[in-house]
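Observations on the model geometry
Listed below are the residues making up each chain.
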Amino acid sequence: MRISEIHGYVVKVRDAAYLGGQSMAAGTRRREDYLRHRHYRAAYSVNTETFLVKIVAEDGTYGWGEAQAPLVPEVPAQIVQRLLGPFLLGEDVNTIGAHWHSSYDTMRERGHWNGYQLDAIAACDIALWDLKGKLLDQPVADLGAGRYRSEVPCYVSGLPAADDEARAALAREWAERGFTQFKLALGTGIDADVATFARVRDELGPAPALYVDAHWRYTVPEAITLGHRLEAYGLGFLEAPVAPEDAEGQAAVARALTVPVAVGEELRTAFDVRDRLTRGAANLVQPDVGRMGITQTLDVAALAAAFHVPVALHLGVGLGVYIAASLHAAAAIENLLTVEYQPTQLAAAHPFLRADIDVDGGYYRVPQGPGLGIEVNLETVFGHITHSFTITHVGA
């Protein structure tokens, strides 16, 4: 079965910002729709922004993909429209792995082996998995080596609130709904981070897993100090303790702590992850399906398993296709620890689907049905498109 059409949609949900983009406190700078946050080493949008791709086969069957593209999604859209898409047209739907590698080859010798180029590849890769699953009448989780689970454990991420008391109360609300894993978005200073963690731990008690995202804010000595202090309160893992490009620093922190150091949301390929694993810079890997695609995510999980390292999928800014793809990948990963759950992002995603993705009691339910098991609500999508394109196969 050949690919006959590719459609792309840049989607922006106004005033539906992710956690990092919700604050305009002192020190935060805004330029049009984007913020440079006063705490985190990243920019954020005041909206939820994403790029969706729809790949259509000769018989009219189609698959949906989505890049994790929360900033300037017009860039991966252009890459698909001008470069990747034309080479996919007319190709066999079933050779997904070959498409990932041939797409990767298009620009790597020019230095584009990360960033937007890989985000664009990820969107197409997810769409091809969805399409193949529909053609075979099988869920994506059952393709390849098959699934390990139909319910995916997850942690409540961020716990955004005005102060430590409010954060503790929010954690208690989620715990009362059956959730047993939580992650605090910190990185505001060692003493402040410890105080927040201690207050939430006191509220939850010793049993629930409590993780920390330090947002790359610390030097190596600071990260080690923070990690040691949080270990005394039962830290589960320390995510992004130092700058993402500092693999040696990550390794130094990992050697110094007894709890896992988690890295990976910023990486795009198994080559990147191999470097972290061989250095001992990651004892928990966090691939993002919207940046790696399903193909590379499964490769990364297998690589991590060879190092006896677990996987905790990162789930950031995106809508329902991205979330569903992450859950199907998670279902097929043997060494899975957990998956991120962003309540505000899932709520923003639901209007774009015909049926909600179910999460309750600390578990996602993997969507059932062929492909990704979801149906995109086109009326909602079309109401939020800021750019679109269509390319068609016109012969060899």
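To start, this report covers the structure provided alongside it. (Residues numbered from 1 in each chain as written. Predicted model: local features only at pLDDT ≥ 70, side-chain atom pairs only at ≥ 80, totals over all residues. Heavy atoms only, no water.)

Here's the deal with the sheet that holds strand β1 (residues 3–13)
The strand order across the open sheet built from four strands is β6-β5-β1-β17, with neighbouring strands paired in antiparallel fashion. Lying at the two open borders of the sheet, with one neighbouring strand each, are β6 (62–67) and β17 (385–392). In this sheet, adjacent strand axes meet at a mean angle of 15 degrees when their direction is disregarded. Across six bridges, strand β5 (residues 48–57) lies against β6 in antiparallel orientation. When the sheet's bridge partners are listed, K54 is paired in β6 with W64. Contacting β1, β5 and β6, helix α3 (residues 116–136) crosses the sheet at an angle of about 150 degrees to β6. (Pairing = 2+ DSSP bridges. Helix = DSSP H or I, 4+ residues; strand = E, 2+ residues; numbered from the N terminus. Axes fitted to C-alpha atoms, helices over the stretch in contact; angles between N-to-C directions. Contact = heavy atoms within 4.5 Å.)

Points about the sheet that holds strand β2 (residues 29–31)
Strand order in this open sheet of three strands is β2-β3-β4, and the pairing throughout is antiparallel. The open sheet has two edge strands with one neighbour each: β2 and β4 (43–45). The mean inter-strand angle of the sheet, taken between neighbouring strand axes irrespective of direction, is 30 degrees. Sheet topology note: the strand β3 (residues 34–36)/β4 ladder contains three bridges and is antiparallel. Across the sheet, L35 pairs through a bridge with Y44, a residue of β4.

Things to note about helix α6 (residues 220–231)
When the terminal C-alpha atoms of α6 are compared, their 16 Å separation across twelve residues agrees well with the 16 Å that a helix rising 1.5 Å per residue should span. Three or more residues of α6 are buried, namely A223, I224, L226, G227 and L230. The buried side chains of α6 occupy one side of the element, clustering within an arc of 165 degrees when seen end-on. Against α5 (190–204), β9 (209–213), β10 (235–239) and α7 (247–256) lie the buried residues of α6. (Expected span 1.5 Å × (residues − 1). Buried < 20%, exposed > 50% of the residue type's maximum accessible area, 1.4 Å probe, protein only. Arc of directions from axis to C-beta.)

Points about the packing of aromatic side chains
Using the criterion set out here, one finds twelve aromatic pairs in the structure. Linked through ring pairs, W174, F179, Y341 and Y364 together constitute an aromatic cluster. The lysine or arginine in question, K54, covers the ring of Y62, its NZ or CZ lying 4.3 Å from the ring centre. (Phe/Tyr/Trp six-rings, centres within 6.5 Å; stacked < 30°, edge-to-face > 60°. Lys NZ or Arg CZ within 6 Å of the ring centre and 35° of its normal.)

A word on the environment of G362
Within the secondary structure layout, G362 lies in the loop between β15 (359–360) and β16 (363–365). Overall, the relative accessible area of 5% leaves G362 in the buried class. Sequence-wise, G362 and V156 are 206 residues apart; in three dimensions their C-alpha atoms are separated by 8.1 Å.

Notes on the pattern of salt bridges
Following the criterion strictly, the structure yields 23 salt bridges and no others. Ionic pairing is found between E265 and R291, a salt bridge with its closest N-O pair at 3.8 Å. With E265 in the loop between β11 (261–263) and α8 (270–279) and R291 in helix α9 (residues 289–306), the pair connects residues that are 26 residues apart, well separated along the chain. Given a relative accessible area of 11%, E265 falls into the buried group. When its relative accessible area of 13% is taken as the criterion, R291 is described as buried. Shared partners join several salt bridges into a network, and the residues in it are E165, R172, R199, D202 and E203. (Salt bridge = Lys/Arg side-chain N within 4 Å of Asp/Glu carboxyl O.)

Some thoughts on the environment of A120
Take A120: it is sitting in helix α3. The sequence separation of A120 and V300 amounts to 180 residues, and the corresponding C-alpha distance is 18 Å. Leave out the neighbours within four places in its chain, and A120 touches P76, I79, V80 and L84.

Overview of the packing of α7 against α8
Think of two packed helices as two axes; the pair is described by the angle between the axes and how far apart they sit. Contact geometry for α7 and α8: axes closest at 9 Å, N-to-C directions at 40 degrees. Between α7 and α8, the angle falls in the class oblique. At the point where α7 passes α8, the crossing takes the right-handed sense. Of the residues in α8, those touching α7 at A247, E248, Q250 and A251 are D275, R276 and R279. Counted by class, the contact of α7 with α8 contains two nonpolar, one polar and four charged residues. (Parallel < 35°, antiparallel > 145°, perpendicular 65-115°, else oblique. Left-handed = near helix turned anticlockwise from the far one by under 90°. Nonpolar A, V, L, I, M, F, W, Y, C, P; charged D, E, K, R; others polar.)

Observations regarding unusual backbone geometry
Among all residues except glycine, the phi angle is most often negative; among peptide bonds, the trans geometry is most common. Residue D137 is not a glycine yet carries a positive backbone phi of 60 degrees. With respect to the secondary-structure elements, D137 resides in the loop between α3 and β7 (151–158). On the basis of relative accessible area, D137 is assigned to the exposed category, the value being 53%.

Examining the pairing of strand β8 (residues 181–185)
Most of β8 sits out of view: five of its five residues are buried. Across the two faces of β8 the burial is the same, with Q181, K183 and A185 and F182 and L184 all buried. Two elements, β7 and β8, share three bridges in a ladder whose sense is parallel. Note that in β8 the partner of S157 across the bridge is K183. With helix α4 (residues 164–176) bridging β7 and its parallel neighbour β8, the resulting β-α-β unit is right-handed. Looking at chain direction, β8 and β9 are connected through five bridges and run parallel. The residue of β9 that forms the bridge with L184 is V212. With α5 bridging β8 and the parallel β9, this β-α-β connection has right-handed handedness. (Right-handed = clockwise from strand over helix to strand, strands pointing away.)

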